[in-house]
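If you want the building blocks of each chain, they are given just below.
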Amino acid sequence: MKWLHGVLSLVLVGFLAFSLNDSSKPETIQAKETNALKGQYSLDEVIKIYVPSTYNVDQPIDNTPYVNQSLETFSKMFGGATAVDGTGAWVSEDDQLVKEKVTIVYSFAEDLDKKSINAVVAYAKSLKEDMKQSAISLEVDGKMYFIE
């Protein structure tokens, strides 16, 4: 029994030493805050809209005018925007892979408040109507929404 008491004491001492040296922030965040980025201006939130390359759900189009409109809208709302081309895919009801070109327009923001979120959702709804889509994908801080 005496050996068990000794082992428990060592575990407790080790735990206390770890707890005293531990910070609430993960090591990678601590490292970032002590490097050249410390004190620099940063934006913590990101909002993305997925601009399809089809009209009326399945008719391929050049989506450049819609991408430009989205870049302008996001730039006015958040101070800047970036567009990245990609390929989206899903499986149809008859088990076929359907692929579509998509352009992701995104902005980083200091604070995505209720007013700015509502404005982006209203824009996504108008884009959906203009492009005759069943929905437009909107991503906010890593969470995907389908604006119908």
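Let me sum up the structure you'll find in this document.

How each quantity is defined
Residues numbered from 1 in each chain as written. Predicted model: local features only at pLDDT ≥ 70, side-chain atom pairs only at ≥ 80, totals over all residues. Heavy atoms only, no water. Helix = DSSP H or I, 4+ residues; strand = E, 2+ residues; numbered from the N terminus. Buried < 20%, exposed > 50% of the residue type's maximum accessible area, 1.4 Å probe, protein only. Contact = heavy atoms within 4.5 Å. Salt bridge = Lys/Arg side-chain N within 4 Å of Asp/Glu carboxyl O. Patch = residues over 30% accessible without salt bridge, like charges linked within 9 Å, V, L, I, M, F, W, Y side chains within 5 Å. Areas by Shrake-Rupley, 256 points an atom, 1.4 Å probe, with all protein chains shown as cover. Core = buried A, V, L, I, M, F, W, Y, C linked by side-chain atoms within 4.5 Å. Pairing = 2+ DSSP bridges. Axes fitted to C-alpha atoms, helices over the stretch in contact; angles between N-to-C directions. Lys, Arg positive; Asp, Glu negative; His and termini not counted. Charge placed at Lys NZ, Arg CZ, Asp CG, Glu CD.

### Let's talk about the side chain of Ser-53
Moving on, step 1. Along the chain, Ser-53 falls in the loop between β1 (45-52) and β2 (54-55).
Moving on, step 2. Assessed through its relative accessible area of 11%, Ser-53 is described here as buried.
Moving on, step 3. Not counting chain neighbours up to four residues away, the residues in contact with Ser-53 comprise Gln-59, Pro-60, Ile-61, Asn-63, Glu-100 and Lys-101.

### With respect to the pattern of salt bridges
Moving on, step 1. Overall, the coordinates contain three salt bridges when judged by the stated rule.
Moving on, step 2. A salt bridge links Lys-48 to Glu-139; its shortest N-O distance comes to 3.9 Å. Taken as a pair, Lys-48 in strand β1 and Glu-139 in strand β6 (residues 136-140) lie far apart in primary sequence, 91 residues in all.
Moving on, step 3. Judged by relative accessible area, which is 13%, Glu-139 ranks as buried.
Moving on, step 4. Glu-72 serves as the salt-bridge partner of Lys-76, at 2.9 Å between the closest nitrogen and oxygen. Residue Lys-76 and its partner Glu-72 are both found in helix α3 (residues 64-78); the two are separated by four residues, about one turn of the helix.
Moving on, step 5. Classification of Glu-72 by relative accessible area gives partly exposed; the value is 45%.

### Here's the deal with a nonpolar patch on the surface
Moving on, step 1. On the surface, a nonpolar cluster with roughly 330 Å² of combined accessible area is contributed by Tyr-41, Leu-43 and Phe-108.
Moving on, step 2. Counting through the fold element by element, Leu-43 comes out in the loop between α2 (27-33) and β1.

### Some remarks on the nonpolar core
Moving on, step 1. Counting 19 residues, the largest nonpolar core has Ile-47, Ile-49, Val-51, Phe-74, Phe-78, Leu-127 and Leu-138 as its most contacted members.
Moving on, step 2. If you list the elements that add at least two residues to this core, you get β1, α3, β5 (97-109), α4 (114-130) and β6.
Moving on, step 3. In this structure, Leu-138 is in contact with Ile-47, Lys-48, Ile-49, Val-120, Val-121, Lys-143, Met-144, Tyr-145 and Ile-147, ignoring residues within four places of it in sequence.

### A closer look at the sheet that holds β6
Pairing between the strands of a sheet is mediated by backbone hydrogen bonds and can be parallel or antiparallel.
Moving on, step 1. Overall, antiparallel pairing links the five strands, which are arranged β4-β5-β1-β6-β7 in an open sheet. Looking at which strands have only one partner, the edges of the open sheet turn out to be β4 (82-91) and β7 (143-147). Neighbour to neighbour, the strand axes of the sheet diverge by 30° on average, direction disregarded.
Moving on, step 2. Strand direction decides the pairing type here: β1 and β6, joined by three bridges, are antiparallel. The partner of Ile-49 across the bridge, within β6, is Leu-138.

### Looking at a negative patch on the surface
Moving on, step 1. Taken together, the side chains of Asp-44, Glu-110, Asp-111, Asp-113 and Asp-141 define an acidic patch exposed on the protein surface.
Moving on, step 2. For Asp-113, a relative accessible area of 36% gives the class partly exposed.

### Quick word on the pairing of β5
Moving on, step 1. As paired strands, β1 and β5 are joined by eight bridges and run antiparallel to one another. Across the sheet, Val-51 pairs through a bridge with Thr-103, a residue of β5.
Moving on, step 2. For β4 and β5, the ladder comprises ten bridges, and the chain directions are antiparallel. Residue Ala-89 lies in a different strand from β5, and its bridge partner there is Lys-99.
Moving on, step 3. Where β4 hands over to β5, the hairpin turn is made up of five residues, of which Asp-95 adopts a positive phi near 65°.

So, to be careful, I would describe these as geometric facts and stop short of saying anything about function.
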